[in-house]
Structures are given as structure tokens and as C-alpha cells.
Amino acid sequence: QVQLVESGGGLVQAGGSLRLSCAASGRTFSTYVMGWFRLAPGKEREFVAQISRRGRNTYYADSVKGRFTISRDNAKNTVYLQMNSLKPEDTAVYYCAAPSSLYVDYVDLGGWSYWGQGTQVTVSS
């Protein structure tokens, strides 16, 4: 079992920045990939980014590429999402996620098993 707790959401003006954090517990953090997803009203859950176990490989949705950066600190059991140049269309509840599989460095959309409670990000125009 993995427990995930997000923090760092809030209200920001367009063009601003936020950094989300997700603290994990329950399994050895460095053994699994971590990811971020978001859910906006009236839309389906959207993949945002994922990061490999040691942080060497990162993957992003086209909609956030060049603006968002995912990183992790395995000593702190924490994954981060630095969000810059925010747009109103980035408004959503952001969730961190972990897969059930260990010792892999990429997870398909169907492989995410554990979710945090979410943190609201609102970008005003």
C-alpha cells in the first residue's frame, strides 16, 4: 500500500507559478515511478507528467511541456511539480499517483493504482 498526500495548490494569476508537492509513504519510494494527473470540471482525468525511479527520465503531456517540471527527492519520499507560465486552462484538481508495479521506469495510463486526495489549482485570467 502507498499513501500519497499532495500540497501546494492555490489561486494564481495567469503567467504565475506554483509548486506542488506529494509526500509518499508505505513502500520504499525509490522503487517506483511517480506521476501527476489533473481533473478539470467537465473533462476526463488527464496525464500531466511522470518521472522514473531515480529521476533520470521524465515524460510530459504536450499541453504542459516546456512549462511544467516534475522532479523527485528520494531522500524525502517526495515528488514535485513545478508549474510555470500558468494558463487558465491549467485550472484543475491535481493528483499525484503511484503504480502497483515496482522496478520499472515507465508506467502506461492503466498502470496507476494509488492516488492522493488532490490539490486544487486555480489560474485566473
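Preceding block: the structure.
### As for the pairing of strand 7 (residues 68–73)
(1) Moving on: Going residue by residue along strand 7, you find Phe68, Ile70 and Arg72 tucked away on one face and Thr69, Ser71 and Asp73 left uncovered on the opposite face.
(2) Moving on: Across six bridges, strand 7 lies against strand 8 (residues 78–83) in antiparallel orientation. Pairing of Asp73 across the sheet is with Thr78, part of strand 8.
(3) Moving on: Between the end of strand 7 and the start of strand 8, which pair antiparallel, lie four residues, with Asn77 showing a positive phi angle near 55 degrees.

### Section: the pattern of salt bridges
(1) Moving on: All told, the structure shown has five salt bridges when counted by the stated rule.
(2) Moving on: Of the charged contacts in the structure, one is a salt bridge between Asp105 and Arg53, with a shortest N-O distance of 3.0 Å. With Asp105 in the loop between strand 9 (92–99) and strand 10 (112–115) and Arg53 in the loop between strand 5 (46–51) and strand 6 (58–60), this residue pair connects regions lying 52 residues apart in the sequence.
(3) Moving on: Between Asp62 and Lys65 there is a salt bridge, with its nearest N and O atoms 3.1 Å apart.
(4) Moving on: A single network of salt bridges, built from pairs that share partners, joins Arg38, Glu46, Arg67 and Asp90.

How each quantity is defined
Residues numbered from 1 in each chain as written. Predicted model: local features only at pLDDT ≥ 70, side-chain atom pairs only at ≥ 80, totals over all residues. Heavy atoms only, no water. Buried < 20%, exposed > 50% of the residue type's maximum accessible area, 1.4 Å probe, protein only. Helix = DSSP H or I, 4+ residues; strand = E, 2+ residues; numbered from the N terminus. Pairing = 2+ DSSP bridges. Salt bridge = Lys/Arg side-chain N within 4 Å of Asp/Glu carboxyl O.

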